[in-house]
Amino acid sequence: MGYARLRSIHVHPVKAFRSLSLREAVVEPWGPAGDRRWMLIDDGGKVVTQRRQPRLALAAAELVPGGGVRLSAPGLEPLTVPVPRPGGTVPVRLFRDKVEALPAEDAAAHAWCSALLGADVRLVHLDDPAVRRPVDPRYALPGETVSFADGFPFLLTTTASLDALNSLIAQGEHADEGPLPMNRFRPNLVVSGTEAWAEDGWSRIAVGEVSFRLAKPCGRCVVTTTDQDTSERGAEPLHSLGRHRRVDGALVFGQNLVPLGRGTVRVGDPVRIIE
């Protein structure tokens with residue numbers, strides 16, 4: 001293995017919107033600061049993601065002081081949404097989890113998001129990630145919580161594994177779809193300088209000053225087939241993952257991480273394999 005380093009850092013201020021690249025990020029117990037503290041829900045309170053609405057890939061959210069977000073998308077005027085004041089939460093359904101969240105106070109935020117999708121949706125905020133949503137108990141240690149991320153505080157991928165996957169795609173029947181960029185997989189931490197699939201054998205790592213435990217491989221869904229620049233869908237990478245990276249029935253790429261402490265990670269930080 002080469003000298004592993006943190007290649008890039010990405011957060012998603014609004015779940016399912018396009019990623020935001022950072023030079024450094026504060027590591028909180030439930031994920032990188034600013035990551036997936038906002039999300040959209042439908043009129044029944046269920047999360048809305050790119051699984052149902054690939055057009056969300058075209059929307060961007062920038063972090064603003066105080067935890068708010070500035071929303072932008074083609075054809076819509078940018079809108080800044082502040083963090084709602086403490087008050088009445090509403091129950092929302094995030095896959096199998098029922099979570100309490102605060103609706104955005106400005107009706108314009110809900111109207112903006114509804115105009116984006118042509119559907120009635122609302123924008124909600126996770127006010128207290130320390131207590132609102134536990135990590136899946138099958139893979140968690142006591143007291144671990146997570147933001148509005150799919151299931152775990154951090155997702156790590158490696159450039160070597162993406163290169164290997166793109167080689168598999170190039171040899172398959174959908175070769176014209178590759179090579180795929182890393183943003184298809186929506187990671188928080190991207191590591192370079194490893195061998196392909198090396199992360200499969202890790203159980204604990206340190207990125208700069210912060211240690212993490214690897215909870216489980218990340219099972220992939222239809223979102224990975226969505227071009228994050230156009231919102232169009234194809235067959236890859238699920239076709240190739242199905243042939244070469246099927247583990248316990250899941251198509252896997254990347255690893256789910258839980259931080260073992262607080263700190264700051266920075267692009268260029270060394271990545272040490274502890275176990």
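Residues numbered from 1 in each chain as written. Predicted model: local features only at pLDDT ≥ 70, side-chain atom pairs only at ≥ 80, totals over all residues. Heavy atoms only, no water.

K.L.:
So what's going on with the packing of aromatic side chains? Residues and values would help.
P.N.:
One pass over the structure, following the stated rule, counts four aromatic pairs. An aromatic cluster is defined as three or more aromatic residues linked by ring pairs; in this entry it consists of Phe185, Trp197 and Phe253. Across the ring face of Tyr139, the terminal group of Lys216 is positioned such that the distance to the ring centre comes to 5.5 Å. Taking the ring centre of Trp197 as reference, the NZ or CZ of Arg245 above it sits at 3.9 Å. (Phe/Tyr/Trp six-rings, centres within 6.5 Å; stacked < 30°, edge-to-face > 60°. Lys NZ or Arg CZ within 6 Å of the ring centre and 35° of its normal.)

K.L.:
Break down the sheet that holds strand S9 (residues 76–81) for me, citing the residues and quoting the values.
P.N.:
Taken together, the three strands give an open sheet; going across it, the order is S7-S8-S9, and neighbouring strands pair in antiparallel fashion. Two strands in the sheet have a free side with no partner beyond their single neighbour: strand S7 (60–63) and S9. The mean angle between the axes of side-by-side strands here comes to 20 degrees, regardless of whether they run parallel or antiparallel. In terms of strand pairing, strand S8 (residues 69–73) meets S9 through four bridges, oriented antiparallel. Considered in S9, the bridge of Val69 is made with Val81. Packing against the sheet, helix H1 (residues 107–117) makes contact with S8 and S9, and its axis sits at approximately 140 degrees to S9. (Pairing = 2+ DSSP bridges. Helix = DSSP H or I, 4+ residues; strand = E, 2+ residues; numbered from the N terminus. Axes fitted to C-alpha atoms, helices over the stretch in contact; angles between N-to-C directions. Contact = heavy atoms within 4.5 Å.)

K.L.:
Give a detailed account of H1, specifying residues and quantitative values.
P.N.:
Those residues of H1 that sit buried are Ala109, His110, Trp112, Cys113, Ser114, Leu116 and Leu117. Where the residues of H1 are buried, they touch strand S5 (38–42), strand S6 (47–48), S8, S9, strand S11 (97–103) and strand S12 (121–125). Two or three places before Ala108, at the opening of H1, Asp106 has a side-chain oxygen 2.9 Å from that residue's backbone nitrogen. At the exit of H1 stands Gly118, carrying a positive phi of roughly 65 degrees. (Buried < 20%, exposed > 50% of the residue type's maximum accessible area, 1.4 Å probe, protein only. Polar contact = N/O pair within 3.5 Å; in protein donor to acceptor, adjacent residues only side chain to side chain.)

K.L.:
I'd love a proper account of helix H2 (residues 159–170), names of residues and values included.
P.N.:
Spanning twelve residues, H2 covers 16 Å between terminal C-alpha atoms, matching the ideal 16 Å at 1.5 Å per step. Every buried residue of H2 is accounted for by Thr159, Ala160, Ser161, Leu162, Ala164, Leu165, Asn166 and Ile169. Close packing links the buried residues of H2 with strand S1 (5–11), strand S13 (154–158), strand S14 (189–192), helix H3 (238–244) and strand S18 (250–259). (Expected span 1.5 Å × (residues − 1).)

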